[in-house]
Amino acid sequence: MTILPLHSYAAGRWIAPSGNITTLKSAVTGEPVAEIGSGGLDYAGMAEHARRTGGPALRTMTFHQRAAMLKALAQYLNEHRDPLYELSYETGSTKADSMIDIDGGIGTLFVYASKGKRELPDDTIYVDGALEQLSRGGNFLGQHVATSLQGVAVHINAFNFPVWGMLEKLAPTLLAGVPAIVKPASATAWLTEAAFRMMIESGLLPEGAVQLIAGPTGDLLDRLGCQDVVSFTGSAATAGMLRANPRLIANSVRFIAEQDSLNASILGPDASPGTPEFDAFVKEVHREMTAKAGQKCTAMRRLIVPDAHRDAVIEAVADRLAKTVIGNPRDEATRMGALASLAQRADVREKVEAIAREARLVHGDPQRSTSAEPTPRRALSSRRCCLPATTRTVPRASMPLRRSARSRP
Amino acid sequence: MVHGGPGRAGGGEEMGGIRGVMHYMQRTAIQASPDLMTGITGGWVAGAQTLEKDRHPFRMRFAELEIGHTLWTKSRQVTLEDIEHFAEFTGDTFYAHMDEEAAKANPFFPGRVAHGYLILSFAAGLFVDPAPGPVLANYGLDNLRFMKPVSPGDSLKVRLTAKTKTRRNDEYGEVRWDVAVVNQDGEQVAGYELLTMNAM
């Protein structure tokens, strides 16, 4: 397979990989898929291009005009999205997984287009809240308004949703009238780059509205000021490191982070085996473990179940997992694809080992690799299911069945 | 909670809808006179200049209508017969409208008073311009308050002011009207925002 050179898009130009070039590997076969490196970029120039060219162009548009632009962009991506599925397989995603990422991301653009049209004015200024009467006679008033930041938004995205992760940040940013520099996670960046390329080819966005860094961000964060925003998705450790950047602190740069999501699902004592609630719980647990090979921010990381139902839950979940076909995501029979990278696999194995020191492994073998292909060169994801050997007793009072948020990144 | 929209990553607002957009906007507090505030926000605020014209504002197409365009209606007296007729016609025979002694015992009323919905209905009757025109539909009202009781014998008149305009599509747009109903002493008895759809 051809190795894709991932281009950055800076100040209106496509720039081939340069500097320290890293080879990105298929999550399925381990074969090289792409090369990435951003050593030659003028990061300060990119930020200035966004501020001087992209921002002013977006700010001449009203919220309604920006919403119409998002809608047109969503329609364009929708019509051109087929090649993205092919690239998505190499990230370990099944077709169903890819639809969460690709169709889900495009869907978010549509939602924001619609919300911008219905909930924001056909204007560049947003009136925030009610008028405050400051003088007794009402001849002196107070009002909050919101206007577009005059800086650049730097989007640092996670590996798990290469398309949705980009689009769900671009939608509110562009609707706000702010240009963005997108930095995808390297592990799955070939898919992001392809989707980004479509946005540029659409010709629907004003010059400077979006730029792409395929590779490290260099000194970009050191170049940011008080009108800029960093929007980060990833681990708490990385977020903590980035937000401690002295320049960000000194300039009060806005820093938004989604980090280390932790979600639980709790089974109520009245949802006993045989009830529809019990079945729904098991079905949802299984889906959270297998969709996107478990790599979703909303994936359940703790199941809290009444002691009395513990064995039944373990059995039912393990039973479903045993029937789940794990393999090459290109194979239509496959229900669970691969983790996004070998690094992720190593991380999962390490965590399973750590948990297994205090808990009993009830399904799968973290060291065993499975694949639908006859001669796999690299391992696919490991089936795993760790439930604590001891569970906390839930009070006897009737508790409704709780379910976590549905399939979302 | 807002259904749809981005996840947490979409600007730090899970299911936050437009709240996610605000992460990329600068909030500014403005202190100003009513006229300056109207100029900045593009929406008419109480106390700002009003424009009274020969043409009824309901004769204006969406694009023609100026923010601040105001109609002051004629007065109409509310009689006890009106209140009783409204009560019987609608079935709303709440004691505050029908029983002088019981109404007086209520801390809010001086005696029998007009129904709030009667005030609204009379207000519509005062400001409406009946012939077919650019106003396609009345589709609701916001922030309704009844501020003072209306007793039999009181006279009502209405101020209707174009407050904001929001384009919906190429055919029509939403107009939000600031409506004040005042009595013979110039005291406001009711206030609300009326919503209409106006043809382009």
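Each residue is numbered by its place in its chain's sequence as written, counting from 1. A letter from A marks each chain and a number from 1 marks each ligand, given out in the order of writing. Note on the predicted model: pLDDT of at least 70 is required for a residue's local features to be given, and 80 or more for side-chain atom pairs to be given and counted; whole-chain, interface and lining totals, by contrast, use all residues. With hydrogens and water excluded, all non-hydrogen atoms of the structure serve as input to the side-chain values.

**Things to note about the overall build of chain A**
Counting from the N terminus, the helices are DSSP H or I runs at least four residues long and the strands are E runs at least two residues long. Of the regular secondary structure elements, chain A holds 11 helices and 16 strands. With 409 residues in all, chain A has 53% of them scored as buried. Contact criterion: two residues are considered in contact whenever any of their non-hydrogen atoms come within 4.5 Å of each other. A separation threshold of at least 6 residues defines the contact pool for chain A, and within that pool the share at least 24 residues apart is 75%. Each accessible area value is a Shrake-Rupley result obtained with a 1.4 Å probe; residue values ignore everything except the protein chains displayed when judging cover. Taken as a whole, chain A presents about 17,600 Å² of accessible surface, with 51% of it coming from carbon and sulfur. Think of it in three bands: with a 1.4 Å probe and only protein chains considered, a residue is buried below 20% of the maximum accessible area for its type, exposed above 50%, and partly exposed in between.

**Focus on the pairing of strand β5 (residues 32–36) of chain A**
Residue and element names in this part refer to chain A. Bridge analysis of strand β1 (residues 4–5) against β5 gives 2 bridges, and the strand direction is parallel. Across the sheet, the residue bridging to L4 is A34, located in β5. Of the pairings in the sheet, the one linking strand β4 (residues 22–25) to β5 comprises 4 bridges and is antiparallel in character. Along β5, the bridge assignment pairs T23 with E35. Criterion used throughout: strands pair if DSSP finds at least two bridges between them. Here β4 hands over to β5 after 6 residues, with G30 in that stretch at a positive phi of 80°.

**Considerations on the sheet that holds strand β6 (residues 126–133) of chain A**
One open sheet holds the 3 strands; their spatial order is β6(A)-β7(A)-β1(B), and the pairing between them is antiparallel. The open sheet has two free edges, formed respectively by β6 of chain A together with β1 (25–32) of chain B, since each of these has just one partner strand. Here the strands of the sheet are splayed against their neighbours by 20° on average, with no regard to which way each runs. As defined by bridge partners, strand β7 (residues 141–148) of chain A adjoins β1(B) across 8 bridges and the pair is classed as antiparallel. Of the residues in β1(B), the one forming a bridge with T147(A) is Q26(B). Axes here refer to lines fitted to C-alpha atoms; in helices the fit is confined to the stretch in contact. Angles between the N-to-C directions go from 0 to 180 degrees.

**As for the domain arrangement of chain A**
All names here are of chain A. Where each domain starts and ends follows an automatic or database-derived domain assignment. Domain boundaries in chain A define domain 1 (4–124 + 147–259) and domain 2 (263–387). Taken over C-alpha atoms, the centre of domain 1 sits 31 Å from the centre of domain 2. Residue-level contacts link 23 residues of domain 1 with 23 residues of domain 2. By definition, a salt bridge exists where a carboxyl oxygen of Asp or Glu is found within 4 Å of a side-chain nitrogen of Lys or Arg. Taken together, the connections running from domain 1 to domain 2 amount to 2 salt bridges. A salt bridge links R330 to E90, with the shortest nitrogen-to-oxygen separation between them at 2.8 Å. Identification of polar contacts relies on pairs of N or O atoms within 3.5 Å, with a donor-acceptor requirement for protein atoms, meaning one able to donate a hydrogen and the other able to accept it, and with residues adjacent in sequence counted only if both atoms are side-chain atoms. At the surface where domain 1 touches domain 2, the tally comes to 7 residue pairs in polar contact (both at pLDDT 80 or more). Of all the elements in the fold, those that place two or more residues in the side of domain 1 that touches domain 2 are α3 (82–89) and α4 (95–119).

**A short note on the interface of chain B and chain A**
At the interface, 38 residues of chain B touch 51 residues of chain A. Buried area between chain B and chain A, both sides added, is near 3,500 Å², and the carbon and sulfur share of it is 61%. Run the count over chain B and chain A and you get 1 salt bridge. With a shortest N-O distance of 3.9 Å, R27(B) and D128(A) are connected by a salt bridge. At the junction of chain B and chain A, the tally comes to 11 residue pairs in polar contact (both at pLDDT 80 or more). Of all the elements in the fold, those that place two or more residues in the side of chain B that touches chain A are α1 (19–22), β1, α2 (34–41) and β6 (155–167) of chain B. The leading source of residues in the side of chain B that touches chain A is β1(B), at 8 residues. Polar here means any residue outside two lists: the nonpolar Ala, Val, Leu, Ile, Met, Phe, Trp, Tyr, Cys and Pro, and the charged Asp, Glu, Lys and Arg; Gly therefore counts as polar. The residue inventory of the side of chain B that touches chain A, partitioned by class, reads 17 nonpolar, 16 polar and 5 charged. Two parts placed together each lose some accessible area; with a 1.4 Å probe, that loss summed over both constitutes the buried area.

**Side note on the side chain of T334(A)**
All names here are of chain A. When you line up the elements, T334 lands in the loop between α10 (310–322) and α11 (342–356). Side-chain polar atoms of T334 contact the backbone oxygen of N328, separated by 2.8 Å. Look past the residues within four positions of T334 in its chain and what remains in contact with it is T94, V325, I326, G327, N328 and P329.

**Side note on the sheet that holds β4(A)**
Here 3 strands make up an open sheet; going across it, the order is β1-β5-β4 (chain A) and the pairing mixed. Each end of this open sheet is capped by a strand with a single partner; those strands are β1 and β4 of chain A.

**Considering the environment of G116(A)**
Tracing the sequence through the fold places G116(A) in helix α4. Its relative accessible area of 0% is what places G116(A) among the buried residues. Distance from G116(A) to G55(A), taken between C-alpha atoms, is 18 Å for residues 61 residues apart in sequence. Setting aside anything within four residues of it in sequence, one finds G116(A) in contact with H64(A), A67(A), L175(A) and I18(B).

**Focus on the packing of α4(A) against helix α5 (residues 164–175) of chain A**
Residue and element names in this part refer to chain A. The interhelical angle for the contact between α4 and α5, taken along N-to-C directions, is 10°, at an axis separation of 8 Å. It follows from the interaxial angle that α4 and α5 lie roughly parallel. Note that α4 runs across α5; the crossing there is right-handed. Across from I100, D101, G104, G105, I106, T108, L109, Y112 and G116 in α4, the residues of α5 making contact are W164, L167, E168, A171, P172 and L175. Here the residues of the contact of α4 with α5 sort into 9 nonpolar, 4 polar and 2 charged. To sort the angles, those under 35 degrees are grouped as roughly parallel, those over 145 as roughly antiparallel, those from 65 to 115 as roughly perpendicular, and the leftovers as oblique. Rotating anticlockwise by less than a right angle from the far helix to the near helix defines a left-handed crossing, while the corresponding clockwise rotation defines a right-handed one.

**Observations concerning unusual backbone geometry**
Here the phi dihedral of S252(A) falls at roughly 50°; this positive angle occurs in a residue that is not glycine. Position of S252(A) relative to the elements: it lies in the loop between α8 (246–250) and β12 (254–259). We note that N143(B) has phi near 55°; this positive angle belongs to a residue other than glycine. As for its placement among the helices and strands, N143(B) is situated in strand β5 (residues 135–146). A relative accessible area of 56% means that N143(B) is categorised as exposed.

**Describing the pattern of salt bridges**
Taken as a whole and judged by the stated rule, the model has 27 salt bridges over all chains. Of the charged contacts in the structure, one is a salt bridge between D311(A) and R310(A), with a shortest N-O distance of 3.8 Å. Among the salt bridges present, the one from R167(B) reaches D170(B), with a minimum N-O distance of 2.4 Å. Since its relative accessible area comes to 28%, R167(B) is described here as partly exposed. Under the relative-accessibility criterion, D170(B) is labelled exposed at 61%. The structure contains a network of salt bridges with shared partners spanning D142(B), K163(B), R168(B), E174(B), R176(B) and E193(B).

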